[in-house]
Amino acid sequence: MVTRGFSSGRKPPTDTDARIPPGQYLEQGFPVLSAGPTPHVRTEDWSFTLKHGPRPIKKWNWAEFNALPLTKMTRDIHCVTAWTKFDTAWQGVLVDDILADAGIEPPTAFTLALGFDGYSTNVPTKDLTGGKAMVALLYEGKPITPDHGGPARLLVPHLYFWKSAKWLNGLQFTERDEPGFWELRGYHIYGDPWREQRYTNDP
Amino acid sequence: MSDAPAAQSPWQTVTITRIQKRTPRVTSFFLQPSRPFVYHAGQHVDVRLTAPDGYQARRSYSIASAPETGETIELAIEKLEDGEVSPFFHEIAAVGDEVELRGPLGGHFVWSDGDGGPLLLVGGGSGVVPLMSMVRHRAMRGSLVAATLVFSARVWDEVIFRDELIDLAERRDGFDLVLTLTREPARRPADHARRVDAAMMVQAMTRLPAPPKLAFVCGSNAFVTAAAEALIDAGVPAALIRTERYGV
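If you're wondering where the values come from, they're calculated on a predicted model, not measured in any experiment. (Residues numbered from 1 in each chain as written. Chains lettered and ligands numbered in written order. Predicted model: local features only at pLDDT ≥ 70, side-chain atom pairs only at ≥ 80, totals over all residues.)

Draft legend 1. Quick peek at the interface of chain A and chain B. Residue-level contacts link 29 residues of chain A with 36 residues of chain B. For the side of chain A that touches chain B, a count of residues per class yields twelve nonpolar, twelve polar and five charged. (Contact = placed C-beta atoms within 7 Å. Nonpolar A, V, L, I, M, F, W, Y, C, P; charged D, E, K, R; others polar.)

Draft legend 2. Summary view of the sheet that holds strand S4 (residues 56-62) of chain B. All names here are of chain B. Strands sit in the order S4-S3-S6-S1-S2-S5 across an open sheet of six strands; the sheet is antiparallel. Edge positions in the sheet fall to S4 and strand S5 (73-78), since each has one partner strand and no second. Recorded for the sheet is a direction-independent mean angle of 40° between the axes of neighbouring strands. Bridge count between strand S3 (residues 44-50) and S4: seven bridges; the pairing is antiparallel. Its bridge partner lying in S4, Leu 49 is registered against Ala 57. (Pairing = 2+ DSSP bridges. Helix = DSSP H or I, 4+ residues; strand = E, 2+ residues; numbered from the N terminus. Axes fitted to C-alpha atoms, helices over the stretch in contact; angles between N-to-C directions.)

Draft legend 3. Examining the environment of Phe 89 of chain B more closely. All names here are of chain B. Among the secondary structure elements, Phe 89 is positioned in helix H1 (residues 86-91). Residue classification places Phe 89 among the buried positions, given that 23 C-beta atoms sit within 10 Å. Residues Phe 89 and Thr 27, 62 residues apart in the sequence, show an inter-C-alpha distance of 8.6 Å. The residues touching Phe 89, leaving out its near neighbours within four places in the chain, are Thr 27, Phe 29 and Ile 77. (Buried ≥ 20, exposed ≤ 12 C-beta atoms within 10 Å, placed from the backbone.)

Draft legend 4. Spatial organisation of unusual backbone geometry. Cis geometry marks the peptide bond from Gly 150 of chain A to Pro 151 of chain A, where omega comes out at 10°. Turning to its location among the elements, Pro 151 of chain A is positioned in the loop between strand S9 (142-143) and strand S10 (153-155). Here the bond from Gly 103 of chain B into Pro 104 of chain B is cis, since omega is 0°, no more than 30 degrees from zero. Examined against the element boundaries, Pro 104 of chain B turns out to sit in strand S6 (residues 98-105). The phi dihedral of Glu 140 of chain A falls on the positive side, at around 50°, and the residue is not glycine. In this structure, Glu 140 of chain A sits in the loop between strand S8 (134-139) and S9.

Draft legend 5. Quick peek at the sheet that holds strand S8 (residues 147-153) of chain B. All names here are of chain B. In spatial order, the strands read S9-S8-S7-S10-S11; together these five strands make up an open sheet with parallel pairing. The sheet is open, and its two edges are formed by strand S9 (175-181) and strand S11 (241-246), each paired on a single side. Averaged over all pairs of adjacent strands, the angle between their axes in this sheet comes to 10°, without regard to strand direction. One ladder, built from seven bridges, connects S8 with S9; its direction is parallel. Among the inter-strand pairings, Leu 149 is bridged to a residue of S9, identified as Leu 177. Running over the sheet, helix H2 (residues 128-141) touches strand S7 (119-124), S8, S9, strand S10 (214-220) and S11 and is turned about 150° from S8.

Draft legend 6. View of the pairing of S9 of chain B. For S9 of chain B, the tally of buried residues reaches six of seven residues, placing the bulk of the element in the interior. Crossover S8 of chain B to S9 of chain B through helix H3 (residues 162-170) of chain B is right-handed. (Right-handed = clockwise from strand over helix to strand, strands pointing away.)

Draft legend 7. Region of the structure containing H2 of chain B. Residue and element names in this part refer to chain B. Along its 14 residues, H2 runs 20 Å from first to last C-alpha, staying within 8% of the 20 Å computed at 1.5 Å per residue. Of all 14 residues in H2, eleven are buried; the element is thus mostly enclosed. If you check which residues of H2 are buried, you get Val 128, Val 129, Pro 130, Leu 131, Met 132, Ser 133, Met 134, Val 135, Arg 136, His 137 and Arg 138. Immediately beyond the C-terminal end of H2, within one or two residues, lies Gly 142, with a positive phi of roughly 65°. (Expected span 1.5 Å × (residues − 1).)

Draft legend 8. Molecular detail of the packing of helix H4 (residues 198-206) of chain B against helix H5 (residues 221-233) of chain B. All names here are of chain B. Their axes nearest at 8 Å, the elements H4 and H5 cross at an angle of 60°. Crossing of H4 over H5 shows right-handed handedness. On the side of H4, the interface is formed by Ala 198, Met 200 and Met 201, while H5 contributes Ala 230, Leu 231 and Asp 233. Split by residue class, the contact of H4 with H5 holds five nonpolar, no polar and one charged. (Left-handed = near helix turned anticlockwise from the far one by under 90°.)

Function-wise, these values are silent; they only describe arrangement.
What follows is the structure, encoded as structure tokens:
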């Protein structure tokens, strides 16, 4: 349905078209969205726990976690509220390297990312491994600010950005695909921006 | 033959039935859905515009009306100078025009009378819109839940829904309104003329019969950050605070 009087004046240049998923617009800033107050997690209080169900597999403190191999990842990110931001530059620890340090293969096909604020979001394990995701510690070379999820946030750039949990404190392998916070509140169980999987009933 | 309903687009066409200027920068658009539209106070919708070449722009807007209002949905839209969808509404949209709408959306920043209270609502600028839906829902239900709205605006003439809010507060039925202006002196005796802070939250809570069961904060990111920290400093547990932010 064409909207009377609306023109495509703000349509992004065609050379960027291929990088903007359907229904998204290009944003230069970096908007902040969250369901509650911003937690201020001190690095001396920070820890990261890898869990299989309720059972801890391995726990790292801030110094131990920062001693893991650091990888750079520069990616376009896509928020379900319709903004896309190009070339966000992160450094962190690949989920592959966390698993290697723990000396395990992924025990299940599903994972819940857990935050200090009680947030959770589900991601299939195969979307976290193979170099596809990291626990980010730096944004544009600097510690990630609290409002953007610091000290550490998940980065799963090929899914809508609510999957990239802020204030991350653990990954939990689960036997089933268990919906997380937003997935229980109307958002899509998987969240592929290229298939525009925004809300629960999207195909 | 199958009884399954045909797959239906999540988008529906809605018609603008009324346009009402609220403040110099905020205008309400009343939309008539073409399909039944049932929502909760605090929810939002996605609005989609389509250009003749197929280009589409979509943005999320909170609903200002209460679920009990009737068939039309009110969106109160602030004009953003560098925006794409809000300038269309402010400069082009007219009564009778159709746009596409999806929703209702969001299952966290919502409140119904049955959720109980007391309720502390904190809004900055157009962040008052989803809180207005809750306030109206409360009033239309004849709810006994105590609720206080702390509303920060730059100046008196930018207090969206000002007359309606003051009227509702004057009913003295458990709804209380605290206005704070950041660029003008206070107009009413109990109002403030500064940015939200912990002391203001403490004072707002003394107007409630008991500590809040839930707090809802909506506004720009900077406003929500400041207001949420003020609530925490005033002793409200973080787990009771729900936030909704917009802008960069």
